[in-house]
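# A closer look at the structure
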2 protein chains.
Amino acid sequence: MTSTPNGMTQTESNKVTISVDAMGGDQGPSAVVEGCALSAAKNDEIAFILHGDEAVLRAQVARFPVLAGIVDIHHSPDVVQMDDKPSQVMRRGRETSMWSALTALRENHAQAAVSCGNTGALMAVSMLRLRKLDGVHRPAIACLWPSRGKTGFNTMLDVGADVRADEESLLQYALMGAAYYRNAFDAPRPRVGLLNVGTEEHKGRAEIKEAARLIADAAEIGRYDFVGFVEGNDLPSDHVDVIVTDGFTGNVALKTAEGTARLIGDTLRDELTVNLPSKLAALFASAPLGRLRKRMDPRRMNGGVFLGLNGTVVKSHGSADATGVSAAIKLAFTLARSGFQDRMAERLASAADAQQENVLNKKDRNAHDGEADDDKQIGQS
Amino acid sequence: MTSTPNGMTQTESNKVTISVDAMGGDQGPSAVVEGCALSAAKNDEIAFILHGDEAVLRAQVARFPVLAGIVDIHHSPDVVQMDDKPSQVMRRGRETSMWSALTALRENHAQAAVSCGNTGALMAVSMLRLRKLDGVHRPAIACLWPSRGKTGFNTMLDVGADVRADEESLLQYALMGAAYYRNAFDAPRPRVGLLNVGTEEHKGRAEIKEAARLIADAAEIGRYDFVGFVEGNDLPSDHVDVIVTDGFTGNVALKTAEGTARLIGDTLRDELTVNLPSKLAALFASAPLGRLRKRMDPRRMNGGVFLGLNGTVVKSHGSADATGVSAAIKLAFTLARSGFQDRMAERLASAADAQQENVLNKKDRNAHDGEADDDKQIGQS
């Protein structure tokens, strides 16, 4: 471990330390380090371990006095590229900044990790270094979504860790998503909805109907309210906080929303620059249009949280600038401080126990039914 | 058949006749009949058969002189409600305006049908009355999507006829979607893309990778260019005209886009009315904002086309007003006049033959390989 000039490490303070892969991301280490500085300026309980090329990072950190004394730099010579396949990185990625960032988390030098790198590789290395929580079938990625609700956000999962999910995985997503939302947004009892093509009970695929039953049954263990099926147009609704779906559908929905917002934004820009009167109108309307831009700013929504691992990993968007990186760091900090990992693990275990009990009870009932049948047969014979 | 006051029926003219379920829809027959009038005002080759309560419709039609002489009214006493289950309507729906509208199409009194009614019921009754095209596994619903491309639209299918689709169904969607797009937008060689969670070949579910192979192989028969995988953010792209996906994913994507657009629209409205300066700004910017509203107007995109049936059925949005109904009617008219049904049926049959041939060739090759193995064994023995 390389110490900062004043020799301070995160163990000497009460700060929450975030392990940051500083080399991933399209905008390079300058945007990542600036994002750390933005966060540090607003939060004096935060510290960082930055992973990447030491000389580059040292120069970047020196630009921001606010980072003095709260940053450790871990040198790693290699970087995961955006088009590297997960399997390649798992085999040959030990010298990368991504690997190093997750190792620091695994070894408890930090309480959460943040990376702007390639999602597939980050999930693969996270699974390898941190391992799945006991009983978790597959980890999930939870994204933030603009919402009309009180917090301004809701969350959807899975948005791309796995392209399929059976009913038990969907139940685990509900439990993990509720734990995440509760701790990220201080919402004691999140409302969970299951994404479907209609809100009527008879609609949708068989595994989704079964998942609805399991999620409803586990509401007390998971400390959430199940609001039933929701549809694509309910995603920004104030009636739901956590939207559960498989990674294929979730990924398509997330990208569809991004594409739609961009289309509308571009069309608005076209219309406001098409001629002189329009440009004047844009000038007059700059205040309300600026507020619209701020409220819909995708950078506020930056940060995909990996759930179901032994450790909190936040994936920042590859193209995130300093503001986006800072939002992802804030999310990692909030989750790390809340200690939600342990409570989420407990709830997953309780739900598994309850399901096990249900299965045993059912078998028991079936056995009794069998006996009754036997009695009947005896009576008949 | 009830004749109009001047005794003219559609068979006496060269007009294209649209069979309209005038009672479905949230806004009632007045919006539907007004939609017919809007279309008639712009198109002197159109005629209508309206299905519903005769007294009500006669009074509505009388409001619009442009409809004089081009409307027949078929009386039907009953209406399909928005919450009626498809199975109920199939059993007890013979007296409904929806049933009547499809019967007129089946009996060649009209060249296309339009309804604002309940989607599930409309699909069920359409399948019952019109039957599927030979060889079609399941019909699909194709929606219009705002696009950056030349026509301003692209199409996605399936958006809700079926919650699953195997690779052969996805191939049929590609063939049907390309035929639809070619004829609706006069685009000789549509570009077809397959919706996935990434554009790399190794990504996604197994049936999607197999579908990509089938769709690529059938490009010549279907007269389209296959552009490979597309993602959610590519839906409005100018690189693709026809987006193929299963009905679950397509339905979620469509509704997610609608919900996102509404959220942005509402937020913009909030910001432009929050205080006096904002209201003034809105006034100054009313021209460009009006153009934005027009370009993003969901009513322009109204009209889900049912593909894979013996007849052209267009589902108009339940809440469509006269402008929306008129857009759906225009779509039905364009498709009816193009005669694309027959050519689509031919292409589906050719693709099925080609696939059959492939399978036989493969078997043949395998048989030869078997012989070669035998030879080798003989040589070795």
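Residues numbered from 1 in each chain as written. Chains lettered and ligands numbered in written order. Predicted model: local features only at pLDDT ≥ 70, side-chain atom pairs only at ≥ 80, totals over all residues. Heavy atoms only, no water.

### Topic: helix α7 (residues 206-217) of chain A
With twelve residues, α7 of chain A extends 17 Å from end C-alpha to end C-alpha; this agrees with the ideal 16 Å at 1.5 Å per step. For α7 of chain A, the complete set of buried residues consists of E207, I208, A211, A212, L214 and I215 of chain A. (Helix = DSSP H or I, 4+ residues; strand = E, 2+ residues; numbered from the N terminus. Expected span 1.5 Å × (residues − 1). Buried < 20%, exposed > 50% of the residue type's maximum accessible area, 1.4 Å probe, protein only.)

### Brief notes about a nonpolar patch on the surface
A cluster of nonpolar side chains, namely L276, L280, L283 and F284 of chain A together with L276, L280, L283 and F284 of chain B, defines an oily patch on the protein surface of about 890 Å² accessible area. For the nonpolar patch, the secondary-structure elements that each account for two or more residues are α10 (276-284) of chain A together with α10 (276-284) of chain B. Here L276 of chain B lies in helix α10. Judged by its relative accessible area of 61%, L276 of chain B falls in the exposed class. (Patch = residues over 30% accessible without salt bridge, like charges linked within 9 Å, V, L, I, M, F, W, Y side chains within 5 Å. Areas by Shrake-Rupley, 256 points an atom, 1.4 Å probe, with all protein chains shown as cover. Salt bridge = Lys/Arg side-chain N within 4 Å of Asp/Glu carboxyl O.)

### Structural notes on the interface of chain A and chain B
Contacts between the two partners involve 53 residues from chain A and, on the opposite side, 53 residues from chain B. Considering only the surface of chain A that becomes buried against chain B, R205, F248 and L263 of chain A emerge as the three largest contributors, covering 14% of it. At the surface where chain A touches chain B, the tally comes to ten salt bridges. With a closest N to O distance of 2.5 Å, R291 of chain A and E271 of chain B form a salt bridge. (Contact = heavy atoms within 4.5 Å. Buried area = accessible area lost by both parts, 1.4 Å probe.)

### Things to note about the domain arrangement of chain A
Residue and element names in this part refer to chain A. Its domain assignment divides chain A into domain 1 (1-131 + 309-338) and domain 2 (141-299). Tallying the contact residues gives ten residues for domain 1 and seven residues for domain 2. Buried surface at the junction of domain 1 and domain 2, both sides included, amounts to about 760 Å², of which 70% is carbon and sulfur. Counting across the domain 1 and domain 2 interface gives zero salt bridges. Inspection of the region where domain 1 meets domain 2 yields zero residue pairs in polar contact (both at pLDDT 80 or more). (Domains from an automatic or database assignment. Polar contact = N/O pair within 3.5 Å; in protein donor to acceptor, adjacent residues only side chain to side chain.)

### So, the sheet that holds strand β5 (residues 140-146) of chain B
The strands making up a sheet are joined through hydrogen bonds of the backbone, oriented either antiparallel or parallel. All names here are of chain B. Spatially, β3-β2-β1-β4-β11-β10-β5-β6-β9-β7-β8 is the arrangement adopted by the eleven strands of the open sheet, whose pairing is mixed. With partners counted over all chains shown, the strands left at the sheet margins are β3 (71-75) and β8 (225-230), one partner each. When strand polarity is set aside, the average angle formed by the axes of neighbouring strands in this sheet is 25°. With six bridges connecting them, strand β1 (residues 16-21) and strand β2 (residues 46-52) associate as parallel partners. Among the inter-strand pairings, T17 is bridged to a residue of β2, identified as A47. Set on the sheet, helix α2 (residues 54-62) makes contact with β2 and β3; between it and β3 the angle comes to about 160°. (Pairing = 2+ DSSP bridges. Axes fitted to C-alpha atoms, helices over the stretch in contact; angles between N-to-C directions.)

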